[in-house]
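# Overview (structure and organization)
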Amino acid sequence: MHSAAAAAAASAQARASPVTVTASAGPATPADHRQRQDIIRALMRRVLLRDAEYRRVTDHNHPLGEGLGLVDYVVLVAEPDMDPKAVFERLRWGGRVAVVSSDTEQLLVLSKRFRGDSGFVMEEGPATFHAGWLHSRLRWGGRKLYYFQARKVAMILPGQVTERFTFDVRLVRAKPPMTGYMVMKQVPSYGYVYQRLRKRFPDADAETNFQRTHRLVDHVFPVFLSREAAFLTILQRDLPKEYRAKVPRALGVEKGPDGLVRRLYMNWLRVSGPALSQMEFAKQAIDLLRVLHDHVKIIHLDLRLDNMVVTEHGVGFVDFGSAVRMGENLKQSAMLDALFDQMMSTSQIQINLGKMIRSGRLTSSFISAAHGRIDKAVDIFYLALQMRDPRGNPDLRSLIHYDPQSEEARRIALLTDGILRPSDPRRPKYISARDIQQALLRIEQKLEPEKG
C-alpha cells in the first residue's frame with residue numbers, strides 16, 4: 001500500500017471504528033503532539049493494518065462514536081506513568097492495546113506492567129519496525145520504533161470484587177488443533193468468594209462467611225457449572241442449525257473427585273458487531289428467546305444485558321448456569337430444590353420483579369404470577385426491559401443504536417408498557433416470545449414508510 005494512501009486509510013479507520021487513538025496522555029507542545037501523531041500513523045500503517053484481526057474488528061462502523069462504550073483497540077504512545085488498569089477499563093473483553101515508542105528501554109519497562117497479574121496477556125512483542133519516511137519534519141524519519149500488543153483476557157480487574165460476575169471467567173489460548181482464544185469459566189477461589197461475602201454481608205462474623213465460602217466453592221458453584229455444561233450440549237443438539245452460533249459451544253470440562261465440573265471451556269462469542277438498531281436488537285433477541293422456549297424448551301432465567309452479546313452472527317445469549325428445562329422436576333434433588341428456591345427470592349431479576357409489582361409498574365397477571373417461581377414469564381419480563389433500554393452493558397453500548405427521542409424507541413416503549421401493564425391485566429395480550437416478535441414486526445412495518 002502506498003504510504004500516503006495507507007496513512008489516510010489509518011486515519012479513516014480510527015475515526016469510524018471501535019478504536020481509541022491516544023497520542024498523548026498529558027500536555028505537550030504542538031511539535032510533540034505532531035510527532036506522536038506521526039508515530040501512531042506509522043504503527044497503524046506498518047503493523048496494525050497488516051493484522052487480520054485489527055482489520056476485521058475495525059471494518060464495523062460504530063456510528064455512536066467514542067465515549068459511549070468500550071472499544072476493541074486502544075493505540076497509545078508510551079508514557080512513563082502509563083497504568084494498565086486505566087487501559088483495562090477502556091477495552092472490551094478480549095480487546096487489545098498497542099503501545100508504541102521510540103525508546104526501547106521505556107517500552108520494555110511498560111511491557112512488564114502488562115504481564116503477570118494485570119488482566120492482560122502479551123500478544124505480540126516487544127518488537128521493532130521501521131517507521132519509514134512519512135514527512136520531512138520527522139527528526140526520527142526512517143529510524144526504528146518499538147511496540148507491543150497486549151490483550152485483555154480477564155473479565156474484571158484482578159483483586160476487584162463485583163456483583164456483576166460470580167464465576168472466574170477469562171480468555172485462554174485455545175488448545176491445538178484450534179487457534180486463537182477460548183473462554184475458561186471456573187469455580188472462583190476461596191479468597192475471592194470470601195471477600196465478596198464480606199462486602200455483601202458486612203455484619204456477618206468471620207466464621208459464618210468462612211462456612212458460606214466453603215459451601216459455595218465446594219458445592220454450589222460446581223453444581224451450576226455442571227448444569228451449564230449439560231445445557232450447552234443440549235443447545236447444540238436441539239437448536240436449529242442457524243441459531244447454534246448464537247450460544248456458546250462446550251469445548252471441554254475438568255471435574256473434581258465428586259464428578260462435578262470445576263472448569264468449563266467454551267468457544268468465544270466475541271462482542272464485535274456490526275452495530276444494530278434498537279429494533280434489530282429487539283427482534284433478534286426475542287427471536288432467539290422464542291426458539292429457546294418453543295423448540296428447545298429451556299428457560300434462561302437470567303437475561304440481563306451482561307448475559308447477551310452482539311457478534312458477527314447477531315444477538316446471542318450466554319451463561320446458561322441458571323437455566324432449567326420446562327417441566328424439570330427440581331425436587332428430585334434436595335440441593336437443587338433448595339438452591340433454586342433461594343435464587344427465586346434473591347436474584348436481581350426476581351427482586352426487580354417484586355418491586356415493579358408493588359409499585360404498580362407491572363400488572364400483567366401472566367408475569368406477576370412468575371414472582372418467586374421458575375417460569376418462562378421471567379425471561380419475557382426481563383427481555384422486555386432490555387429491549388426498552390439496551391444501555392446496561394458497557395460492552396454493547398456502542399453496538400446498539402439507541403435514541404430515546406426516536407420514534408423507534410417510543411414505539412418499543414409503548415410495546416413494553418403493553419407487555420407489563422396491559423389494558424386488561426387478567427387477560428394480557430403478550431404471553432409468549434412469539435407474541436412479542438409479531439408485535440415488533442408490526443411496529444417495523446409501520447416505521448418503514450416513515451424512514452422512506
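Here is a short report on the structure shown in this document. Nothing here was measured: the structure is a model prediction, and the numbers come from that model.

## Focus on the layout of surface pockets
Its boundaries defined by the atoms lining it, the second largest pocket holds a volume of some 580 Å³. Together, 24 residues line the second largest pocket, and R56, W268, L269, R270 and E312 are the ones closest to its centre. Split by residue class, the lining of the second largest pocket holds seven nonpolar, eight polar and nine charged.

## So, unusual backbone geometry
That bond from G125 to P126 is cis: its omega, 0°, falls within 30 degrees of zero. With respect to the helices, strands and loops of the structure, P126 is situated in strand β4 (residues 120-130). Of the consecutive residues P176 and P177, the connecting peptide bond is found in the cis state with omega at 10°. Summarising the element assignment, P177 is placed in the loop between β6 (168-173) and β7 (181-186). A positive phi is found at L301, a non-glycine position, where the angle reads about 75°. Looking at the element boundaries, L301 is found in the loop between β11 (298-299) and β12 (308-311). Using a relative accessible area of 6% as the deciding quantity, one classes L301 as buried. Even without being glycine, D319 reaches a positive phi, approximately 60°. Overall, D319 belongs to the partly exposed group, its relative accessible area being 22%.

## Looking at the pattern of salt bridges
Considering all chains together, one arrives at 32 salt bridges under this definition. In this structure, E328 engages R227 in a salt bridge whose closest nitrogen and oxygen atoms are separated by 2.9 Å. Within this pair, whereas E328 is found in the loop between β14 (324-325) and α9 (334-346), its partner R227 is found in helix α7 (residues 206-238), the two being separated by 101 residues in sequence. Relative accessible area serves as the criterion here: at 11%, R227 is assigned to the buried category. As a salt-bridge pair, D389 and R391 come within 2.7 Å of each other at their nearest N and O atoms. Taking the relative accessible area as the measure of exposure, D389 reaches 29% and is therefore partly exposed. By relative accessible area, which is 40% here, R391 ends up partly exposed.

## Notes on the sheet that holds β7
What links the strands of a sheet is backbone hydrogen bonding, and the strands pair in either a parallel or an antiparallel sense. The antiparallel open sheet is built from four strands, whose spatial order is β6-β7-β9-β8. Among the strands making up the open sheet, the edge pair consists of β6 and β8 (250-255). Going from strand to strand, the sheet's axes swing by 25° on average, the running direction of each strand aside. Relative to strand β9 (residues 261-267), β7 runs antiparallel, the two sharing five bridges. Bridge pairing links V183 to M266 in β9.

## Digging into the packing of helix α12 (residues 376-388) against helix α13 (residues 407-420)
At a closest axis distance of 9 Å, the pairing of α12 and α13 adopts a crossing angle of 160°. Between α12 and α13, the interaxial angle falls into the category roughly antiparallel. Judged by the twist between their axes, the crossing of α12 over α13 is left-handed. On the side of α12, the interface is formed by I380, F381, A384, L385, M387 and R388, while α13 contributes I412, A413, L415, T416, D417, I419 and L420.

## Section: the environment of P188
With respect to the helices, strands and loops of the structure, P188 is situated in the loop between β7 and α6 (190-200). A relative accessible area of 4% means that P188 is categorised as buried. Distance from P188 to V217, taken between C-alpha atoms, is 6.9 Å for residues 29 residues apart in sequence. Those residues in contact with P188 that lie beyond four places of it in its chain are T166, F167, D168, V193, V217 and F221.

## A look at the environment of I400
Along the chain, the position of I400 falls in strand β15 (residues 400-401). For I400, a relative accessible area of 2% translates into the label buried. Taking the C-alpha atoms as reference points, I400 and E280, 120 residues apart in sequence, are found 8.7 Å from one another.

Cut-offs applied
- Along each chain, numbering runs from 1 in the same order as the chain's sequence is written.
- In view of the model being predicted, local features appear only for residues whose pLDDT reaches at least 70, and side-chain atom pairs are presented and counted only at 80 or more, with totals across whole chains, interfaces and linings using the full set of residues.
- With hydrogens and water excluded, all non-hydrogen atoms of the structure serve as input to the side-chain values.
- Whether a set of points on the 1 Å grid over the protein atoms alone is a cavity depends on a 1.4 Å probe fitting there but being unable to get out, while an open set qualifies as a pocket with protein on both sides within 12 Å along at least five of seven lines; lining residues are those with an atom within 4 Å of a point.
- Grid points are joined across faces, edges and corners, and a volume is the space filled by probe spheres set on the points.
- Residues are grouped as follows: Ala, Val, Leu, Ile, Met, Phe, Trp, Tyr, Cys and Pro are nonpolar; Asp, Glu, Lys and Arg are charged; every other residue, Gly included, is polar.
- To qualify as a helix, a DSSP run of H or I must reach at least 4 residues; to qualify as a strand, a run of E must reach at least 2; elements of each kind are numbered from the N terminus.
- Residue burial is assigned from relative accessible area. The probe radius is 1.4 Å, only protein chains are included, and a residue is buried under 20% of its type maximum, exposed over 50%, and partly exposed in between.
- By salt bridge we mean one thing: a side-chain nitrogen of Lys or Arg within 4 Å of a carboxyl oxygen of Asp or Glu.
- Following DSSP output, two strands are said to pair if at least two bridges run between them.
- Axis definition: a line fit to C-alpha positions, over the contact stretch in the case of helices; interaxial angles, taken between N-to-C directions, run 0 to 180 degrees.
- For classification, angles of less than 35 degrees are called roughly parallel, those exceeding 145 degrees roughly antiparallel, those between 65 and 115 degrees roughly perpendicular, and all remaining angles oblique.
- By definition, turning the near helix anticlockwise from the far helix through less than a right angle yields a left-handed crossing, and turning it clockwise yields a right-handed one.
- By definition, residues are in contact when any of their heavy atoms lie within 4.5 Å.

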